[in-house]
Amino acid sequence: MKLIHADEKDERFLSLVEELDYGYYQRIGDELEKYNQYNEFKDPHIVILMMDGDEAIACASYRKFDEKSVEFKRVYVKKEYRKRGIAYRLIRELEKDVIEKGYKYSYIVTGNNNHAAIGLYEKLDYFKTDKFGQFKDDETVLCMKKRF
């Protein structure tokens, strides 16, 4: 398995995002639509893919949040590859890029019932922070932050 850098237009990334969104839809149904406008891929959107041979099996990405911060987005590992440390490796790789570019903070938003993701982010030294922007009054999400 190897990591490769891509962008928001990469078809392999878009295919993984479709799988991720389908999983969300199965869990929360039409409520997913309220997040569509916040998941747009605007330039620059940095993407890392985990490849198993020619197959993209996982992804993670980030976009600029403000001058000092980024927001990690679309962290996803195909079901049959989970519990192997792949999401951890993807986020660590994104963090290297973020640090090299001089950002000081990263944010991650996840469902407040997504215990596996919350545990992973805590292992990566993210901590719960105040909800921001469109998530301020959203009781279904948890916002987390990390300082570099």
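Structure first, text after, so check above.
Residues numbered from 1 in each chain as written. Predicted model: local features only at pLDDT ≥ 70, side-chain atom pairs only at ≥ 80, totals over all residues. Heavy atoms only, no water.

Undergrad: What is the right way to look at the overall build of the protein in this model?
TA: Regarding its fold elements, the protein presents three helices and seven strands. The helix and strand sequence of the protein, counted from the amino end, reads β-α-β-β-β-α-β-α-β-β. Relative to its full complement of 148 residues, the protein shows a buried share of 45%. Across the protein, contacts joining residues at least 24 apart in sequence account for 64% of those joining residues at least 6 apart. Approximately 8,600 Å² of the protein is accessible, and the part contributed by carbon and sulfur atoms is 46%. (Helix = DSSP H or I, 4+ residues; strand = E, 2+ residues; numbered from the N terminus. Buried < 20%, exposed > 50% of the residue type's maximum accessible area, 1.4 Å probe, protein only. Contact = heavy atoms within 4.5 Å. Areas by Shrake-Rupley, 256 points an atom, 1.4 Å probe, with all protein chains shown as cover.)

Undergrad: Mind showing me how you'd approach the side chain of Lys78 here?
TA: Considering the arrangement of structural elements, one finds Lys78 in the loop between β4 (69–77) and α2 (86–100). Residue classification places Lys78 among the buried residues on the basis of a relative accessible area of 14%. In terms of polar contacts, Lys78 uses its side chain to reach the side chain of Glu19, at 3.1 Å. Other than its neighbours up to four places away in sequence, Lys78 contacts Leu16, Glu19, Glu55, Ala56 and Ile57. (Polar contact = N/O pair within 3.5 Å; in protein donor to acceptor, adjacent residues only side chain to side chain.)

Undergrad: Just to check I follow, could you spell out the sheet that holds strand β5 (residues 105–111) for this structure?
TA: Note: strands within a sheet are paired through backbone hydrogen bonds, in either parallel or antiparallel orientation. Strand order in the open sheet formed by seven strands is β1-β2-β3-β4-β5-β7-β6, with mixed pairing between adjacent strands. Lying at the two open borders of the sheet, with one neighbouring strand each, are β1 (2–7) and β6 (127–128). Pairing between β4 and β5: four bridges, direction parallel. Pairing of Val70 across the sheet is with Ser106, part of β5. Sitting on the sheet, helix α3 (residues 115–123) is in contact with β4, β5, β6 and β7 (141–147), with an inclination near 160 degrees to β5. (Pairing = 2+ DSSP bridges. Axes fitted to C-alpha atoms, helices over the stretch in contact; angles between N-to-C directions.)

Undergrad: Whenever I open this one, the pattern of salt bridges confuses me. Can you help?
TA: Side chains bearing opposite charge may pair, as long as their charged atoms lie close to each other. Within the structure shown, the criterion is met by eleven salt bridges. In this structure, Lys9 and Glu8 form a salt bridge, with 3.0 Å as the shortest nitrogen-oxygen distance. According to the relative accessible area criterion, Lys9 is exposed, its value standing at 53%. (Salt bridge = Lys/Arg side-chain N within 4 Å of Asp/Glu carboxyl O.)

Undergrad: Is there a simple way to think about the packing of aromatic side chains in this case?
TA: Each aromatic ring pair is specified by the distance between its two centres and by the angle formed by the two planes. Enumeration according to the criterion identifies seven aromatic pairs in this entry. Relative to Phe72, the ring of Tyr62 lies with its centre 6.1 Å away and its plane at 40 degrees, an arrangement referred to as tilted. Of this pair, Tyr62 sits in strand β3 (residues 55–66) while Phe72 sits in strand β4, and the two are ten residues apart along the sequence. With respect to class, Tyr62 is no different from Phe72; both count as buried. Feature note: the residues Tyr62, Phe72, Tyr121 and Tyr126 constitute an aromatic cluster, connected by ring pairs. Above the ring of Tyr88, the side-chain terminus of Lys123 is found at 5.3 Å from the ring centroid. (Phe/Tyr/Trp six-rings, centres within 6.5 Å; stacked < 30°, edge-to-face > 60°. Lys NZ or Arg CZ within 6 Å of the ring centre and 35° of its normal.)

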